[in-house]
Every structure is written in structure tokens, then in C-alpha cells.
Amino acid sequence: MPSSPFAGFGLGLRKPHHADFLGPRVAVDFLEVISENFMVDGGRPRHLLREIRARYPVALHGVSMSLGSAEGLDRAYLARLRALVDEIEPLFVSDHLSWTRIDGFSAHDLLPLPYTREALDIVVANVAHAQDTLGRAMLVENPSTYIAFGGDEVAEWEFLDALCARAGCGLLLDINNVFVCAANHGFEARVWLDHLPAQHVRQIHLAGHSAGEYLLIDTHDQPVPPSVWDLYAHILPRLGPVATMIERDDAIPPLHDLLTELDTARAIAADAGRLAA
Amino acid sequence: MSLLALQRDFGAWLRDGDGEDGSTAPGMRVYQNNYRVSLSACLEDAFAHTRAWIGEEAFARAVVEHICRVPPSSWTLDDYPRDFPDTLAFLYPDDIEVADLAWLELALGEVFVGPDAETLVRADAVNVDWDNAILHFIPTLDLRAVRSNAHALWSALDAERMPPEVELLGARHALLVWRRDMISRFRLVDEREEQALVLARSGLSFADLCAAAVAVAGEADGIALAGRWLGQWLADGLLTTDTGMADALPPIQTR
């Protein structure tokens, strides 16, 4: 995490906007990239990231660390990420409270964890391992999930609180994921947010979702909906300085549209600041 | 159930479970769909020209076969396309251009993100002591024997032109794939140049390469042939600035 709180507004760096961010300065405070897209040996991706980093602060957001794997973390993965961290000196390094790899099989998806004491011990150990290797604290993101486990022993917010306290990591609060989970599992998103250990939150993700046949799906292919903006406004007064970022991974619109959404985030945060004062 | 057992069961279900079974929870179907869609999208992205060549339906069947045969094992999806040409070779034993074309696409993608290296340019080549020089090649150089005109098919498909008829190459040839100036490139080479590249990459000096060329083509033609290869390799940007630095290689063990 940065040594001092960072409270900027950023976007995800996606291919249709590469040229925009290599041109005249765009009104963002940071860019977030998917770590794995740049954990390559060389070539254009690494060259691009160096160019971007020379212009903007960068956050590294991963999808393959598999923090919930019962068999531990992939050391080769961590070594590559460490090399990228050393080169880019990112604002944040984050990944998800999920798992994707077991017994040499990698599902390439953010698979759900049961919220048990055993799982907590495993995730704490894995986060500690990652942070030792990376030489810095990480942020862990609450996931969207489509199933719940009957054997959960603690609530998700309790799991996150204990994780941060024991491993010394921070939280990346994805508000769209809270909304999606609330709809899929039948709880109140505001209640979930009210229980969240707010002191651990360092970054916020905002995104859109789609309605499947039975469930909401975390597709990141829509503008941030009013329901998610409402939750953002609800939680902000409880938080300290946080970075806010809009995620869009599919049906990517012109950059101007995302910058307009980012202005909405700025306006809501300004209102929250006045309320908090 | 332990977390390890749960994750093993979950992974096995993603690979082999029947998501169409009416008793399956909707959420489990979401995860299985995500799993299959991400792998399909990865292969479609990596093999766009192969897909255009064999057609969308045939490609989709090959993808299903591949996902069943080869579960992903690497942390990066970039590695998943690696075995797909073998699946296509298995599915299309009589259409050898299909696997050749897929390998070319795979290699172009892999060298695109391969390690960087400083290329030896012609202007600096005059300073190299070629009598004693060891040739050092860029790390993104890849080489594979091919039996079809897959290179011509790729070029036509890439330019959205009508592809030529499939041709079987009479003599042995290989496709050389590499990256220069951030762009992946390829060139068809004959068997003699392929063998020369294999020898040279093993740490042979240029003088020894000339001797090998002389052994194949005779005194006059052999020297000229080695000179042409060197000129072409320099023009292609295949040599690094380490070329000529004999001490950059580990000593050769002799007994």
C-alpha cells in the first residue's frame, strides 16, 4: 500500500484506450491494469506499461494468485509478479478472495470459498506468503459469487476483518460485487456495508452487471447502475481516504463515457466529504 | 469436508460435470459456463486465422475436444493455446496445413511477448571479428519443420484475401518465426538454412558454420552460402549485440 493514503479516481487500462493514455494527459489520477497481462517476458505489453507508468500512477490488479488455494501459492507466479512490482512500483497490488488453482488444474475463474475457520487460516497464510515475497502489503477484493456454502462459520465481513487483522493486508471493496452477491444470496447490501470493517478499505471498484436467467452476473459490460452509485454514496462517509476506480471489461465504450462516470464518482465523493465534515 | 477436498471436487466438476443436468444449481452452471467460455475465447483469440480456415463450427468442435483433452494447468491463459495445434493434428490427420497454420499462429503470439534483446544492426556488424565470432540469436527465434504452404494461407487470411490452394511442400522446409521492432514476423526457409540455424544456435562459431556449409555445398559455394545466411540473418534482425563475444557463452566441455 502507499505510505500515505491515496484518494484519487482512476480507470482500468483497456486495449481500446491505450492510444488515449499515451497521448495528452487524461483526467485520471491513476490507472489499474490486470497484472497477468503484463507478467510476460517482454515485447509490446511491457513496453506499453513502462510508457503508461511514466505518465500515470499504476495499480496492479491480479486474477490468478489464487489466494484461497488449499495447496498454497504458485511460487513461479509470485516471482513474476515481484519482478513486475519492482519495475512498476505500483500504488496497490491486489487480488481476490477466491481460488482458481488446485492439483495443477487452473480454472481461470474466481471460484468461491466457504467462510470457515479452516479457509481463513489458509487465506491468511497465503496472503502472508504473497506479501513476504512481494515485500509489501496487498489489498484483497470481496468477490461476486453464485453459490453459497452451507457450512459457513462466519459472515463474509467477519472473514474479511479477521483476514486484514491477521495478515496485515487491506481491502479492495468492490461495491458491484456486494450488490451482485446481495441479489444472488438474498441479503441487504446496505447491511453488509454497514458491517464492513471500513478501516481496512484502501480502494473501491465500481462496475456494472447483467441479469442472467436466475442470477446477477458480474459482467463489467454495463455502466455503473444507480443501485451501485447509491451504495457508493452510502459507504463513503464511513471510509477514510480511498482510491476509486471504474472497471469496464466488455462492451467497452469511448473513453469519454468512462470519464463522465468518473466525474459522477468525484461528485458523490465530494458530497460525502461535505456530509462527513 | 476439508477445503482441499472441496476444491478437488469443485475442479473435477468444472472439468467433467454435466451442467445440463436439471438438478445442478444455477450458480454451479454459471461457474462451469465461465470456465468453458474463457478457454474458448482464449483459443478463438489465439487462432483467429485457423478458425477462419476450418470454419466456425469445425473450430468450435475442436475447441470442445481440446478442453476435454487438455485441462488448463498454467496460471496464465497465455499458455493454454500451446497444445491446440496437436489437437488439430489429431483431428485433421489428412489436412496437414491445419496444424501447420495453427502452429504458425501460436508461434507468432508467443514471440510477441517473448524476452527483449538488443539486435545487432548492419552498421555495427562491420566491427565484429567474424573469423572468431560466436553467433548469438535473439531469444524470440522459433523454428519448426512444416509440410504445407501454411505461411501463404496465413498471409492471405491476414490480408483478407482469397487463400491459395493448399500445397504440400516437396522438399523439407521450416518456418522461422521471430519478433523485431515489436512485430512478430516469419519466413519460410529451406532445409540447409534450417540446419544452419540449428547448428548456429547451438553455439557454433561463424568460422565453423562456414566449414559446415563448405562440407555441404563445396568450397566456393559453401562460403558464399554462409555469407548469404549471415546477411539475411542480419537483415532479419536475428542476431544480438552479443554476437562476436565468445566469452558470453559457457566454455565447451572437451575430453
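Residues numbered from 1 in each chain as written. Chains lettered and ligands numbered in written order. Predicted model: local features only at pLDDT ≥ 70, side-chain atom pairs only at ≥ 80, totals over all residues. Heavy atoms only, no water.

Caption draft 1: View of unusual backbone geometry. A positive phi angle, close to 55°, is found at A:His108, a residue other than glycine. Unusually for a residue other than glycine, A:His220 sits at a positive phi of about 55°.

Caption draft 2: Expanded view of the sheet that holds strand β1 (residues 142-148) of chain B. Residues and elements named next belong to chain B. The strand order across the open sheet formed by 3 strands is β1-β2-β3, and the pairing between neighbours is antiparallel. The open sheet has two edge strands, β1 and β3 (183-190), and neither has a second partner. Pairs of neighbouring strands in the sheet enclose a mean axial angle of 30°, with direction left out of account. As judged from the 6 bridges shared by β1 and strand β2 (residues 168-180), these two strands associate in the antiparallel manner. By the bridge assignment for β2, Ala 145 is matched with Ala 174. Here helix α11 (residues 219-236) sits on the sheet in contact with β2 and β3, set at roughly 45° to β2. (Pairing = 2+ DSSP bridges. Helix = DSSP H or I, 4+ residues; strand = E, 2+ residues; numbered from the N terminus. Axes fitted to C-alpha atoms, helices over the stretch in contact; angles between N-to-C directions. Contact = heavy atoms within 4.5 Å.)

Caption draft 3: Highlighting the sheet that holds strand β4 (residues 93-96) of chain A. Residue and element names in this part refer to chain A. One closed barrel holds the 8 strands; their spatial order is β1-β2-β3-β4-β7-β8-β9-β12, and the pairing between them is parallel. Sheet twist, expressed as the average angle between the axes of neighbouring strands with direction ignored, equals 25°. Both β4 and strand β7 (residues 139-141) contribute to a ladder of 3 bridges, which runs parallel. Each residue of the ladder has a partner; that of Asp 95, found in β7, is Val 140. Against the sheet, helix α4 (residues 75-88) engages β3 (58-61) and β4, with an angle of about 175° to β3.

Caption draft 4: Representation of the interface of chain A and chain B. Residue-level contacts link 43 residues of chain A with 36 residues of chain B. Note on chain A versus chain B: buried area summed over both sides is about 3,200 Å², and carbon and sulfur give 67% of it. When the buried surface of chain A facing chain B is broken down by residue, A:Arg44, A:Phe105 and A:His108 rank first, second and third, together holding 20% of it. Here chain A is connected to chain B by 1 salt bridge. Residue assignment for the side of chain A that touches chain B shows that the elements contributing at least two residues are α3 (44-55), α4, β5 (99-102), β6 (105-111) and α5 (117-134) of chain A. Among the elements that line the side of chain A that touches chain B, the one with the most residues is β6(A), at 7 residues. Looking at the side of chain A that touches chain B residue by residue, the class counts come to 22 nonpolar, 11 polar and 10 charged. (Buried area = accessible area lost by both parts, 1.4 Å probe. Salt bridge = Lys/Arg side-chain N within 4 Å of Asp/Glu carboxyl O. Nonpolar A, V, L, I, M, F, W, Y, C, P; charged D, E, K, R; others polar.)

Caption draft 5: Looking closely at α3(A). Helix length check: α3(A), at 12 residues, gives a terminal C-alpha distance of 17 Å against a target of 16 Å (1.5 Å per residue), a fit within 8%. The complete set of buried residues in α3(A) reads A:Pro45, A:Arg46, A:Leu48, A:Leu49 and A:Ile52. Seen from one end, α3(A) has its buried residues packed into an arc of 155°, which puts them on one side. At its buried positions, α3(A) is contacted by α1 (18-22), β2 (30-34), α2 (35-38), β3 and α4 of chain A together with α6 (96-112) of chain B. (Expected span 1.5 Å × (residues − 1). Buried < 20%, exposed > 50% of the residue type's maximum accessible area, 1.4 Å probe, protein only. Arc of directions from axis to C-beta.)

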